[in-house]
Amino acid sequence: MSHDGVGLRAVMRSAAFLTAGTLAVPALTGCGSADPAGRPQAGQDIAAAARARVADGGTLRWAVDAVPDTLNAFQSDADDTTTRVAQAVLPSMFRLNASGRPERNPDYLESAEVVATEPKQVVLYKLNQQAVWSDGREIGAADFAAQWRALSGRDTAYWTARNAGYDRIEKIQRGADDLEVKVTFSRPYADWRSLFTPLYPKDVMGTPDAFNDGARRRLEVTAGPFAVERVVRRSGEVVLTRSPRWWGEPAKLDRIELRAVPRGKRAAALAAGRIDLAEIDPATARRVTAAARAAGAPRPGSGRPAAADAPGSRAAAHGFDEKASDEGSGARGLRHGRDRALRGFEVRKSLEPAYTQLALNGADGPLADERVRRAVARALDREALAATVLKPLGLPAAPVGSHLALPGQAAYADNSGALGEQDTKEARALLGDAGWVPGGPAEKRGKGEKAAGPEGGAAEEESDGGAEGTYIVGEDDKREEKRGKRDDDRGDGGEGADGKARREAGREREDPPRGDEPRDGEPGAYAPKGTAVPAGAAAPLAKDGKRLTLRFVLPSGPGSGTLHTVAGRISRMLARVGIRTDISKVSDESYFTDHIASGAYDLALYSWPASAFPATDARPVYAKPVPGADGSLNVEQNYTRVGTDQVDQLFDQAVATLDEEEARSLIRKADARIWAVAGSIPLYQRPQLTAARKNLANAGAFGFATPVYEDMGFFAKGAKRAAAG
């Protein structure tokens with residue numbers, strides 16, 4: 001999960017209240033209709049090139065968020081860098097293609113198939129006869145068996161983060177020869193392709209001590225195109241070198257250096273020439289793009305301004321203050337010099353295999369009523385929210401129609417029809433049916449408090465909570481209505497867990513808004529305390545003398561500005577149906593643990609990664625919370641606390657069927673029911689922006705696909721790049 005706009009991986013139907021048990025799910029596919037999975041909304045952008053056009057040698061310096069605490073991907077503190085290292089140095093039986101679907105990896109597998117279903121499911125792996133560990137030992141059944149025993153959950157001495165799938169294995173045997181591995185399952189398992197990727201050597205998995213500590217700082221035995229040379233925590237780097245024991249196509253690069261560079265410092269690191277490849281935020285992307293466009297523009301002082309310095313340009317959006325630059329030519333010259341250094345880079349962009357959702361906490365309060373949750377969903381214009389984030393980046397701006405997959409993935413289908421389209425009238429009817437009626441108590445300002453805006457003082461004033469202030473979209477003030485409408489019509493903006501979801505939550509931050517986008521304290525970001533209801537807002541609603549106000553929790557740290565833009569637009573949409581939002585900024589450190597995971601919120605924005613195996617990976621995200629023996633609620637990863645027995649049953653059926661078409665149908669039915677209960681509302685697929693040296697091949701915005709590390713490198717002298725598709 002990630003809090004973007006925060007991992008990891010809505011609209012409504014009728015004013016009449018329908019429980020999940022009686023909701024008639026619409027037909028998911030028609031006879032002879034096209035595959036509802038469709039195609040990915042955006043393809044890879046990696047400067048794809050044939051290996052013959054890529055030079056041999058060189059070092060790729062790749063920015064990462066941090067040096068990993070462990071190199072064992074199956075431990076709870078593994079992170080994205082752990083995954084990146086594992087992909088480059090360890091076996092993977094299957095890897096994901098550009099559509100996010102698993103494909104056999106021929107470097108390790110000649111074949112893998114279900115060879116029996118009765119009385120038990122049996123999968124037979126036939127290994128590539130050249131596949132060996134870096135110590136010369138063949139990859140074989142002993143490695144598969146050691147990993148199964150470590151991850152099965154039967155021995156609690158292994159500190160594992162998860163055992164999904166491995167707990168269904170009954171035994172692992174050698175097949176007809178050393179190249180065959182026979183895996184017998186105690187219960188049918190549809191997602192068997194998710195297993196043994198990555199595969200660790202038995203030296204790491206064989207004992208609890210080796211598993212718990214042996215692969216945290218080093219990986220002495222590997223089996224990939226690269227090997228781990230060293231992990232240097234002090235200098236913040238992981239160094240991978242070309243493996244001499246690799247049997248596949250040899251790596252083009254000599255080395256890959258994974259360098260820890262905070263996201264806020266990546267523009268400077270790129271300009272200084274310290275890195276060649278980095279995921280970046282939209283503000284940095286605009287700087288890189290502007291630098292490339294300005295390559296032929298005159299120098300400052302040549303008689304007319306360069307593009308980045310022109311009055312009315314978006315230079316402020318690239319991290320600069322135009323007024324400050326007028327204080328002296330020195331600052332302008334420094335800025336110009338830094339941007340000149342960015343001209344050797346380009347932005348490669350796609351969509352991440354993750355989506356942003358609005359989470360509705362159904363544990364208690366107004367959102368415990370399904371009708372109110374569905375009213376919230378019905379009030380939202382998801383297309384407008386997606387456009388706010390993606391359109392300014394030149395990316396496809398379509399809302400996501402599934403909780404469990406993304407366009408192009410096998411299980412995807414747009415099931416938002418289980419709720420219906422955005423409809424303010426229907427949202428108000430749902431609220432009325434739930435007992436929320438106009439005539440709420442007037443909201444009073446505190447003593448001495450003035451209305452926000454030009455006549456009311458500062459546009460934004462912190463509450464006594466400082467960075468953790470609270471802001472209310474509330475009072476009706478004609479002076480503010482025009483301001484609210486102006487923002488709502490503008491429509492531009494920017495996007496900004498346990499295990500992998502928790503890593504996603506800690507990774508993503510929103511980029512600062514562009515110069516023409518709402519900033520904190522400007523219209524459209526989020527309302528200061530006492531700000532007027534936007535134009536067109538409905539009268540406040542109340543029930544039993546209590547106003548309908550939802551606490552909307554957001555992170556407050558650097559890079560959260562555009563998250564506030566998305567939240568501000570959502571708040572204005574809700575105000576039109578009479579729902580007020582109380583927006584609280586909390587510290588990044590507490591956002592997930594103290595608010596999302598603990599349930600201290602009504603509304604929140606965060607992201608989940610999409611999985612090629614939703615029957616396994618998505619179940620804990622949507623499982624019905626179960627009361628524990630001590631009275632506490634076990635929510636697994638279902639932080640909205642909304643779930644149903646039917647959804648659980650559909651997941652259980654999907655993971656146990658070996659008919660792939662039937663499994664996809666069951667997943668789509670589960671998704672339709674998740675839409676129906678409106679615990680979370682998918683908004684948009686997250687943008688993936690990468691700065692890459694222009695001469696770097698086969699690397700950049702990978703989208704769904706697993707990177708092919710051995711093909712990465714720098715274009716050979718004289719090689720021409722293929723035109724972008």
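Residues numbered from 1 in each chain as written. Predicted model: local features only at pLDDT ≥ 70, side-chain atom pairs only at ≥ 80, totals over all residues. Heavy atoms only, no water.

(A) Representation of the sheet that holds strand β16 (residues 546-547). Spatial ordering of the open sheet is given by β13-β15-β16, a layout of 3 strands whose pairing is antiparallel. Edge strands, defined here as strands with exactly one partner in the open sheet, are β13 (437-438) and β16. (Pairing = 2+ DSSP bridges. Helix = DSSP H or I, 4+ residues; strand = E, 2+ residues; numbered from the N terminus.)

(B) Seen up close, the pairing of strand β22 (residues 680-693). Among the 14 residues in β22, 13 count as buried, and that is most of the element. Strand direction decides the pairing type here: strand β11 (residues 277-279) and β22, joined by 3 bridges, are antiparallel. By the bridge assignment, Leu-277 is partnered in β22 with Ala-692. Note: strand β12 (residues 345-360) against β22, 12 bridges, orientation antiparallel. Bridge pairing links Phe-345 to Arg-693 in β22. (Buried < 20%, exposed > 50% of the residue type's maximum accessible area, 1.4 Å probe, protein only.)

(C) Expanded view of the packing of aromatic side chains. Counted under the stated rule, the structure contains 18 aromatic pairs. Between Phe-74 and Tyr-166, the ring centres sit 6.4 Å apart and the planes meet at 85°, which makes this aromatic pair edge-to-face. You can see Phe-74 sitting in the loop between β1 (59-64) and α1 (80-89) and its partner Tyr-166 sitting in the loop between α2 (141-151) and β6 (169-174), a full 92 residues away along the chain. As far as the burial class goes, Phe-74 and Tyr-166 line up, both buried. With 4.6 Å between their ring centres and 40° between their planes, Trp-246 and Trp-247 make a pair best called tilted. An identical accessibility class is assigned to Trp-246 and Trp-247; each is buried. Among the aromatic side chains, those forming a connected cluster through ring pairs are Phe-74, Phe-94, Tyr-125, Phe-144, Tyr-166, Trp-192, Phe-196 and Tyr-200. (Phe/Tyr/Trp six-rings, centres within 6.5 Å; stacked < 30°, edge-to-face > 60°.)

(D) Representation of the pairing of strand β9 (residues 237-242) in the model. For β9, a buried count of 5 out of 6 residues is recorded, marking the element as mostly surrounded by other parts of the structure. Where strand β8 (residues 226-232) meets β9, 6 bridges bridge the pair, whose relative direction is antiparallel. Bridge pairing in β9 places Val-231 opposite Val-238. Two successive antiparallel strands, β8 and β9, enclose a turn made up of 4 residues, where Gly-236 displays a positive phi of approximately 70°. As paired strands, β9 and strand β10 (residues 255-260) are joined by 5 bridges and run antiparallel to one another. By the bridge assignment for β10, Leu-240 is matched with Ile-256.

(E) Representation of helix α9 (residues 370-379) in the model. Counting buried residues in α9 gives 10 out of 10 residues, a clear majority hidden from the surface. Along its buried surface, α9 packs onto β12, α11 (424-433), β17 (549-555), α14 (561-575), α19 (660-677) and β22. At the N-terminal boundary of α9, the capping side chain belongs to Asp-369, with an oxygen 2.9 Å from the backbone nitrogen of Arg-371. (Contact = heavy atoms within 4.5 Å. Polar contact = N/O pair within 3.5 Å; in protein donor to acceptor, adjacent residues only side chain to side chain.)

(F) Expanded view of the pattern of salt bridges. One pass over the structure, following the stated rule, counts 32 salt bridges. Between Arg-263 and Asp-65 there is a salt bridge, with the nearest N and O atoms lying 3.0 Å from each other. With Arg-263 in the loop between β10 and α5 (266-271) and Asp-65 in the loop between β1 and α1, this residue pair connects regions lying 198 residues apart in the sequence. What makes Arg-263 partly exposed here is its relative accessible area of 28%. For Asp-65, a relative accessible area of 34% translates into the label partly exposed. One salt bridge in this structure joins Arg-230 and Glu-237, with 3.7 Å as the shortest N-O distance. Overlapping salt bridges, with partners in common, bring together Glu-229, Arg-230, Glu-237, Arg-255, Glu-257 and Arg-259 in one network. (Salt bridge = Lys/Arg side-chain N within 4 Å of Asp/Glu carboxyl O.)

(G) Region of interest: the environment of Gln-129. Of note, Gln-129 is situated in the loop between β5 (122-127) and α2. Taking the C-alpha atoms as reference, Gln-129 lies 9.9 Å from Trp-247; in sequence the two are 118 residues apart. Each residue touching Gln-129, except ones within four places of it in the same chain, is listed here: Glu-110 and Leu-179.

(H) Geometry of the sheet that holds β6. One open sheet accounts for 4 strands, arranged β4-β5-β7-β6; its pairing is antiparallel. Single-partner strands in this sheet number two, and they are β4 (109-116) and β6. Neighbouring strand axes in the sheet, compared pairwise and without regard to direction, differ in orientation by 15° on average. Where β4 lies against β5, 6 bridges are found, and the strand directions are antiparallel. Each bridged residue has a counterpart across the sheet, and for Leu-109 the counterpart in β5 is Leu-127. The strands touched by α2 within the sheet are β5, β6 and β7 (180-185), with β6 carrying the most contacts at an inclination of about 160°. (Axes fitted to C-alpha atoms, helices over the stretch in contact; angles between N-to-C directions.)

(I) Region of the structure containing the side chain of Ser-584. Along the polypeptide, Ser-584 turns up in strand β18 (residues 580-586). At 3.4 Å, the side chain of Ser-584 forms a polar contact with the side chain of Arg-551.

(J) Layout of the nonpolar core. Counting residues in hydrophobic clusters, the biggest one holds 105 residues, and the most contacted among them are Met-93, Tyr-125, Phe-196, Leu-240 and Tyr-622. Considering every element that reaches this core, the biggest residue donor is α2, with 7 residues. Look past the residues within four positions of Leu-240 in its chain and what remains in contact with it is Val-85, Ala-88, Val-89, Phe-226, Ala-227, Val-228, Glu-229, Asp-254, Arg-255, Ile-256 and Leu-258. Within the second largest apolar cluster, 60 residues are counted, among which are Leu-358, Leu-390, Leu-554 and Leu-603. (Core = buried A, V, L, I, M, F, W, Y, C linked by side-chain atoms within 4.5 Å.)

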